[in-house]
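Structure assessment
Listed here are the chains, written in short residue letters.
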Amino acid sequence: MATQSWKDSYRGMSSDNIKGLVLALSSSVFIGASFIVKKKGLKKAGASGVRAGVGGYSYLNEPLWWVGMITMIVGEVANFAAYAFAPALLVTPLGAVSIIISAVLAHIILHERLHIFGILGCILCVVGSTTIVLHAPQEREIESVKEVWDLATEPAFLFYAALVVTAVFILIIHFIPQYGQTHIMVYIGVCSLVGSLSVMSVKALGIAMKLTLSGTNQLFYPQTWAFTIVVFACVVTQMNYLNKALDTFNTAVVSPIYYVMFTSLTIVASVIMFKDWDRQNPTQIVTEMCGFVTILSGTFLLHKTKDMCDGLPSSLSSRQLKYADEEDVFGSEGIPLRRQDSVRSHDAL
């Protein structure tokens, strides 16, 4: 009786969801590692040219940055495939794994301190991700990319897309010139808003490719190429402003904030466009939200404890870090300030 009940509780995890889960986890590992490799490349490029954070593109001549970029592309391809098999409500929150990978590697390679509460934050991310995986909705049955286009052109999603595009233009034109170098939310806001639209288009392309490979050619539909154009435009924009954020702010701060904003907006977009919650009961929805809040708690701990040393209060450890050796001003201070501000604070003292 107990065995039958256990089997029933896991009946909701379809084979497609499992495929999406494996691909999403693989994607997070590659993407998490790519943050660190790209950061190393940006540091090397910034030492001999104009930094990306102030509009430079010298990192394009740095091989290490390209290694990180290729690693990220591999991760994004796996992520692309995951969306073809599983709903965004399952795939997107699993990006928390990339936060863990990024934070741990930043601690080891970039010497960006990971406090004991940061480790607790990583554990919370794992617990939250597991909760979401076990209660994720089934993938919607779609037989043509035209069905996805019909969903994307419904009034509710068109209104959401219009709001996103308007907000992005305001951020780029008005806020980035004034606050881009001092407020991390400006760069990350652009990446996250554009990212929510790119995920919907990526999912549409993933479905089109899956149907094409299964024998139902979707490449003849103009909607497929329209989604392709949207993906290309969104990805180029995301990469540009993510590079600026990584070059300007602490890696282990960029990663969790980007994850929280990107995931939140993607869930909103998916619920509006694919109506994921229509196929779930209230208990499942609440459980998923609890899992997501658990992940947010983990990322909050990672963020708030980046300037803390073990056994010391945050304010004291921050003062000690100001007097630390800053021969590598890109990561050794461990606090989410502009690089120039860190150096000026040190000189003023």
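Let us look at the structure shown here. For clarity, every value in this text was computed on a predicted model and none was experimentally measured. (Residues numbered from 1 in each chain as written. Predicted model: local features only at pLDDT ≥ 70, side-chain atom pairs only at ≥ 80, totals over all residues. Heavy atoms only, no water.)

Next up on the list: the side chain of Lys-38. Residue position: Lys-38 is located in helix 2 (residues 15–48). Buried within the structure, Lys-38 lacks any salt-bridge partner; Glu-76 is the closest side chain of opposite charge, at an N-O distance of 8.4 Å. Not counting residues within four places of it along the chain, the set of residues in contact with Lys-38 comprises Trp-65, Gly-68, Met-69, Met-72, Met-239 and Asn-243. (Helix = DSSP H or I, 4+ residues; strand = E, 2+ residues; numbered from the N terminus. Buried < 20%, exposed > 50% of the residue type's maximum accessible area, 1.4 Å probe, protein only. Lys, Arg positive; Asp, Glu negative; His and termini not counted. Salt bridge = Lys/Arg side-chain N within 4 Å of Asp/Glu carboxyl O. Contact = heavy atoms within 4.5 Å.)

Here we come to the packing of aromatic side chains. On inspection of all chains with the given rule, the structure shows 6 aromatic pairs. Ring centres 5.5 Å apart and planes at 70 degrees place the aromatic pair Trp-149 and Phe-227 in the edge-to-face group. Taken together, the residues Trp-149 in helix 7 (residues 145–152) and Phe-227 in helix 10 (residues 222–248) connect sequence positions 78 residues apart. Assessed through its relative accessible area of 5%, Phe-227 is described here as buried. When the ring of Phe-157 is compared with that of Tyr-160, the centres are 6.0 Å apart and the planes differ by 35 degrees; the resulting orientation is tilted. (Phe/Tyr/Trp six-rings, centres within 6.5 Å; stacked < 30°, edge-to-face > 60°.)

Counting 65 residues, the largest nonpolar core has Val-148, Phe-157, Met-200, Leu-242, Val-254 and Met-273 as the members making the most contacts within it. Here this core gets 17 residues from one element, more than from any other, and that element is helix 9 (residues 184–213). When residues of this core are assigned to domains, at least three fall in each of domain 1 (16–112) and domain 2 (138–279). Excluding residues that lie within four positions of it along the chain, Met-273 makes contacts with Val-148, Leu-151, Ala-152, Phe-157 and Met-200. The next biggest cluster of nonpolar side chains, apart from the first, holds 14 residues, and it includes Ile-100, Ala-103, Phe-292 and Ile-295. (Core = buried A, V, L, I, M, F, W, Y, C linked by side-chain atoms within 4.5 Å. Domains from an automatic or database assignment.)

Further remarks concern helix 9. Given 3.6 residues per turn, any residue in an α-helix points the same way as the ones three and four places further on. Relative to the 44 Å expected for 30 residues at 1.5 Å per residue, helix 9 spans 41 Å between its end C-alpha atoms, a close match to the ideal helical length. The principal kink in helix 9, of about 25 degrees, is found at Gly-195. Across the 30 residues of helix 9, 25 count as buried, placing the element largely inside the fold. One or two steps after helix 9, the chain reaches Gly-215, where phi turns positive at roughly 115 degrees. (Expected span 1.5 Å × (residues − 1). Bend = angle between axes of the 7 residues up to and from the residue.)

Here the focus is the pattern of salt bridges. According to the stated counting rule, one finds 1 salt bridge in the structure shown. Residue Glu-154 pairs with Lys-275 through a salt bridge whose shortest N-O separation is 2.6 Å. Placement of the pair is Glu-154 in the loop between helix 7 and helix 8 (155–179) and Lys-275 in the loop between helix 11 (251–273) and helix 12 (282–304), with a sequence separation of 121 residues. Taking the relative accessible area as the measure of exposure, Glu-154 reaches 30% and is therefore partly exposed.

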